[in-house]
Amino acid sequence: MEFGLLGPIAIWHEGRQLALGSAQRRCVLAMLLLQPGQVVPMQRLREALWPGRHVPGTARNAIQGCVSQLRSTLAADPAIRLVHRQPGYLLDVDPQRIDLYRFRELVAAAKETADDHAQAALLGRALSHWRGEPLAGVEDSTITAAVRSALTDERLDAEEQWVEARLRLGHHREVTGELTVLVAANPLRERLRGLHMLALFQSGRHAEALRAFADARSVLVDELGIEPGPELQRLQQRILAADRTLLKSPQPREPLVPVPRQLPAPPGLLAGRDEELAALHAAVADPRGTGVVTVEGAAGTGKTALCVHFGHQSADAFPDGQLHLDLHGHTGPGPLPAAEALARLLRGLGRPPAPGATSEQELGAAYRSALVGKRMLILLDDARDADQVLPLLPGAPGCLVLVTGRAGLAAVDAGLRLRPAPLAESAALAVLAHWAGADRIAAEPAAAAAIAAACTGLPLALRIAGARLAARPGLPISALTSRLTDPHRRLDELRAGSHSVRAAFSASLRVLDAGDEADRLAARAFRHAGDGTVPGMSAADTHAAAERLVDHHLLEPAGPGRYRMPELLRLYAAELSCTESPPKPPPESPEGSR
């Protein structure tokens, strides 16, 4: 549900405008929308509803009736509440659902950028929210008239800034007609008069520019009894002197940047993730604020596949495009630094960093400004931890950010957290059938079920097993089953091309090895978990290590103080325990040191 104040008072829900009924009801709604999340006193509502007239004794009942009707209208959106709070009422609604606040945010963003192209674009989008006279349909009172006048001034300020930015870009010919209309509607605004004179002069219409000054002076003297201000007079003198520094050559318009569609190809089949997809689509349907979704889990659980599938499925919901950035939290040379990540995102937005812009703060500000007013999907893939993600989050609402990672995302302020579980047998068999062919799976159901069980529902393992079967179309499924069910060979078999279950687990362990002392202790504990011994560790250290392994999805809780290790991880740990060197005994204390 969204609301309009910059024109006739309006409510839109699911693409249609709702009926609001009486003028009194529209007035009450307008007063509440002007102060979202704040209590509007009953006295202010009375003054707005009965301007300059005797307030009837039934005023309270009339206001309560308006509130009751509005509650019925707003009930279609459970995220919005209209509640009684002494001494009046409060409308609990995200300001970003109200056109006035979206307009103000875009204007503020335009003021923060020094790029004329960006400023003109932001102001143009801001002014597109206006549909006519503000608060139209609400009767004038001292309050509503003052609000309407203030909002009109905000619009005129934004229009003047917009025209100025376009004049700096040399687009004087296209704004001259607009300024003629604006000056006629607002004859006492000297800034508009000056912009009109400047546009005429830059268009080669010098005599008309001087005549525009004479008209301005005549109006100001006749209406207010004052001469034009010093800025307007200085501009007249510069035009009289044909000051060429006032001239601007038209700059080329900012090139149209193709809408970025950076997502990788979708997986051929995404099985067993209906609940997660439903939750993601619900997040898209919620227009409140910047949406952040974390998808966290062990290596090989299909986090990226889920997000990419959803991104392609919901492309129409993000008209400004999709960005994808691999943060290399567990792959490649190491985690992508924030400055480099921001530079890549800016290039994806068609706004490469300015020469010399290398600081995280400067790049972050440019990135957040570039996203204002956009509706985009941003996939931040394979994050090492929250610290890597936080500088990359948009500052304005409208975008949906999907963050995948194996650990450390709890500190990201997310509206939705997903942890994909192992696939059920039916979904696992569907993955195998997708790769190997449904006929082969149907011909050897017991062997296929044994492969699914050996893969423990891990999407990466199932994909590898399916690819192995696809590469040997004449091989009976049972031939692979016999190798996968052998615990000593299973991890060797779960490798195809660059994909390897063992390598995926190893990447998670390397992150612990590169961490602090607690992480390294946890890595050591994992390497000995296969043989059930962790030499040289106290019970407290063992518990702390186990909790750290749970955080990194290398161990699962199985009750208070109890843990379990998924089978494929257990096989990997067993391999490591066989190759791990025993700890060296501590050196003997030198004689006399006691």
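Rules used in this analysis
- Residues numbered from 1 in each chain as written.
- Predicted model: local features only at pLDDT ≥ 70, side-chain atom pairs only at ≥ 80, totals over all residues.
- Heavy atoms only, no water.
- Helix = DSSP H or I, 4+ residues; strand = E, 2+ residues; numbered from the N terminus.
- Contact = heavy atoms within 4.5 Å.
- Pairing = 2+ DSSP bridges.
- Axes fitted to C-alpha atoms, helices over the stretch in contact; angles between N-to-C directions.
- Parallel < 35°, antiparallel > 145°, perpendicular 65-115°, else oblique.
- Left-handed = near helix turned anticlockwise from the far one by under 90°.
- Nonpolar A, V, L, I, M, F, W, Y, C, P; charged D, E, K, R; others polar.
- Phe/Tyr/Trp six-rings, centres within 6.5 Å; stacked < 30°, edge-to-face > 60°.
- Buried < 20%, exposed > 50% of the residue type's maximum accessible area, 1.4 Å probe, protein only.
- Core = buried A, V, L, I, M, F, W, Y, C linked by side-chain atoms within 4.5 Å.
- Expected span 1.5 Å × (residues − 1).
- Arc of directions from axis to C-beta.
- Patch = residues over 30% accessible without salt bridge, like charges linked within 9 Å, V, L, I, M, F, W, Y side chains within 5 Å.
- Areas by Shrake-Rupley, 256 points an atom, 1.4 Å probe, with all protein chains shown as cover.
- Salt bridge = Lys/Arg side-chain N within 4 Å of Asp/Glu carboxyl O.

Q: Teacher, can you tell me more about the side chain of Thr-404 here?
A: As for its placement among the helices and strands, Thr-404 is situated in strand S10 (residues 400-405). Those residues in contact with Thr-404, other than ones at most four positions away along the chain, are Val-295, Lys-303, Thr-304, Cys-307, Leu-379, Leu-380, Asp-381, Asp-382, Ala-383 and Leu-409.

Q: Teacher, can you tell me more about the sheet that holds S10 here?
A: Strand pairing within a sheet occurs via backbone hydrogen bonds; the two strands may be parallel or antiparallel. Across the sheet, which stays open at both edges, the five strands sit in the order S8-S9-S10-S7-S11 with parallel pairing between neighbours. Strands with a single pairing partner mark the edges of an open sheet, and in this sheet they are strand S8 (322-326) and strand S11 (416-418). Taken pair by pair, the neighbouring strands of this sheet meet at an average axis angle of 15 degrees, ignoring direction.

Q: Can you walk me through the packing of helix H8 (residues 190-202) against helix H9 (residues 206-224) in this structure?
A: Two numbers describe a pair of packed helices, the interaxial angle and the distance between the axes. Closest axis-to-axis distance for the H8/H9 pair is 7 Å, and the angle between their directions is 165 degrees. Relative to H9, the element H8 lies roughly antiparallel. The two elements H8 and H9 meet at a crossing, and its hand is right-handed. Two secondary-structure elements touch here, H8 through Glu-190, Arg-193, His-196, Met-197, Leu-200 and Phe-201 and H9 through His-206, Glu-208, Ala-209, Ala-212, Phe-213, Asp-215, Ala-216, Val-219 and Leu-220. The class makeup of the residues in the contact of H8 with H9 is nine nonpolar, two polar and four charged.

Q: Please explain the packing of aromatic side chains as it appears in this structure.
A: By convention here, two paired aromatic rings are described through the distance between centres and the angle between planes. Per the counting criterion, the structure on display carries three aromatic pairs. With 5.6 Å between their ring centres and 85 degrees between their planes, Phe-103 and Trp-130 make a pair best called edge-to-face. Here the residue Phe-103 occupies a position in helix H4 (residues 99-112), and Trp-130 occupies one in the loop between helix H5 (116-127) and helix H6 (142-168), the gap between them amounting to 27 residues. Judged by its relative accessible area of 1%, Phe-103 falls in the buried class. Overall, Trp-130 belongs to the buried group, its relative accessible area being 8%. Pairing Phe-505 with Tyr-572 gives two aromatic rings, centres 5.9 Å apart and planes at 50 degrees, and the pair type is tilted. Linking Phe-505 in helix H22 (residues 501-513) with Tyr-572 in helix H25 (residues 567-579), this pair joins segments that are 67 residues apart in sequence.

Q: It is not clear to me how the sheet that holds strand S6 (residues 88-92) should be interpreted in this structure. Could you clarify?
A: Ordered by their spatial adjacency, three strands build an open sheet running S4-S6-S5, and the pairing between neighbours is antiparallel. Here the strands that pair on one side only, and so sit at the sheet edges, are strand S4 (39-41) and strand S5 (81-85). Strand-to-strand twist of the sheet, defined as the mean angle between neighbouring strand axes without regard to direction, takes the value 30 degrees. Bridging between S5 and S6 involves five bridges; their strand directions are antiparallel. Residue pairing in the sheet places Val-83 in a bridge with Leu-90 of S6. Packed onto the sheet, helix H1 (residues 23-33) meets S4, S5 and S6 and runs at close to 70 degrees relative to S6. Across the sheet, helix H3 (residues 59-74) is in contact with S5 and S6; its angle to S5 comes to roughly 150 degrees.

Q: Help me out: how do you make sense of the nonpolar core in this one?
A: If you look at soluble globular proteins, the nonpolar side chains tend to sit buried side by side. Among the nonpolar cores identified, the biggest contains 54 residues, and Phe-3, Leu-5, Met-31, Leu-91, Leu-100, Phe-103 and Leu-135 are the most heavily contacted of them. Those residues in contact with Leu-91 that sit more than four places away from it in its chain are Leu-29, Leu-32, Leu-33, Pro-36, Gly-37, Gln-38, Leu-74, Ile-80, Arg-81 and Leu-82. Judged by nonpolar contacts, the second largest core, of 50 residues, contains Ala-461, Val-501, Leu-509 and Leu-554.

Q: Where do I start with the side chain of His-13 in this structure?
A: For His-13, the position within the fold is in strand S2 (residues 10-13). His-13 gets classed as buried once you look at its relative accessible area, which sits at 13%.

Q: Would you explain the packing of helix H2 (residues 42-49) against H6 in this entry?
A: At their nearest, the axes of H2 and H6 sit 6 Å apart, and the two run at 85 degrees to each other. Overall, the two elements H2 and H6 adopt an arrangement that is roughly perpendicular. In contact with Arg-44, Glu-47 and Ala-48 of H2, H6 contributes Ile-143, Thr-144 and Val-147. Classifying every residue of the contact of H2 with H6 by side-chain character gives three nonpolar, one polar and two charged.

Q: How do you make sense of H3 when you look at a structure like this?
A: Given 3.6 residues to a turn, an α-helix orients residues that are three or four positions apart in the same direction. For H3, built from 16 residues, the straight-helix expectation of 22 Å at 1.5 Å per residue is met to within 8% by its first-to-last C-alpha distance of 22 Å. For H3, the full list of buried residues reads Ala-59, Ile-63, Cys-66, Val-67, Leu-70, Thr-73 and Leu-74. Looking straight down H3, one finds that the buried residues subtend no more than 115 degrees of arc, so they occupy a single side. Of the exposed residues in H3, those oriented more than 90 degrees away from the buried face are Asn-61 and Ser-72. Among the structural elements, strand S1 (2-4), S2, H1, H2, S5 and S6 are those in contact with the buried residues of H3.

Q: Please explain the pairing of S2 as it appears in this structure.
A: Relative to S2, S1 is paired through three bridges, and the arrangement is antiparallel. For Phe-3, the partnering residue across the bridge sits in S2 and is Ile-11. Direction of pairing for S2 relative to strand S3 (residues 16-17): antiparallel, over a ladder of two bridges. The partner of His-13 across the bridge, within S3, is Arg-16.

Q: What should I look at first to understand a nonpolar patch on the surface in this one?
A: A grouping of Leu-188, Leu-224 and Ile-226 is seen on the molecular surface, where their side chains present a nonpolar patch of about 250 Å² in accessible area. Relative to the elements of secondary structure, Leu-188 occurs in the loop between helix H7 (172-185) and H8.

Q: Explain unusual backbone geometry here, please?
A: Trans peptide bonds make up most of the peptide bonds, and negative phi angles are found at most residues other than glycine. Note the cis peptide between Gln-86 and Pro-87, where omega equals 5 degrees. Mapped onto the fold, Pro-87 is located in the loop between S5 and S6. Notably, Leu-135 is not glycine yet its phi reads approximately 60 degrees, a positive angle. Examined against the element boundaries, Leu-135 turns out to sit in the loop between H5 and H6. Residue classification places Leu-135 among the buried positions, given a relative accessible area of 0%. Look at Ala-242: it is not a glycine, yet its phi comes out positive at around 50 degrees.

Q: For this particular structure, what's the right way to read the pattern of salt bridges?
A: If charged atoms from side chains of opposite charge come close, those side chains can pair. One pass over the structure, following the stated rule, counts 34 salt bridges. A salt bridge links Glu-517 to Arg-520, with the shortest nitrogen-to-oxygen separation between them at 3.0 Å. One end of the pair is Glu-517 and the other is Arg-520, both in helix H23 (residues 517-529) and three residues apart, which spans about a single turn. We classify Arg-520 as partly exposed; its relative accessible area is 38%. One network of salt bridges, in which partners are shared, links Asp-153, Asp-157, Glu-160, Glu-164, Arg-189 and Arg-191.

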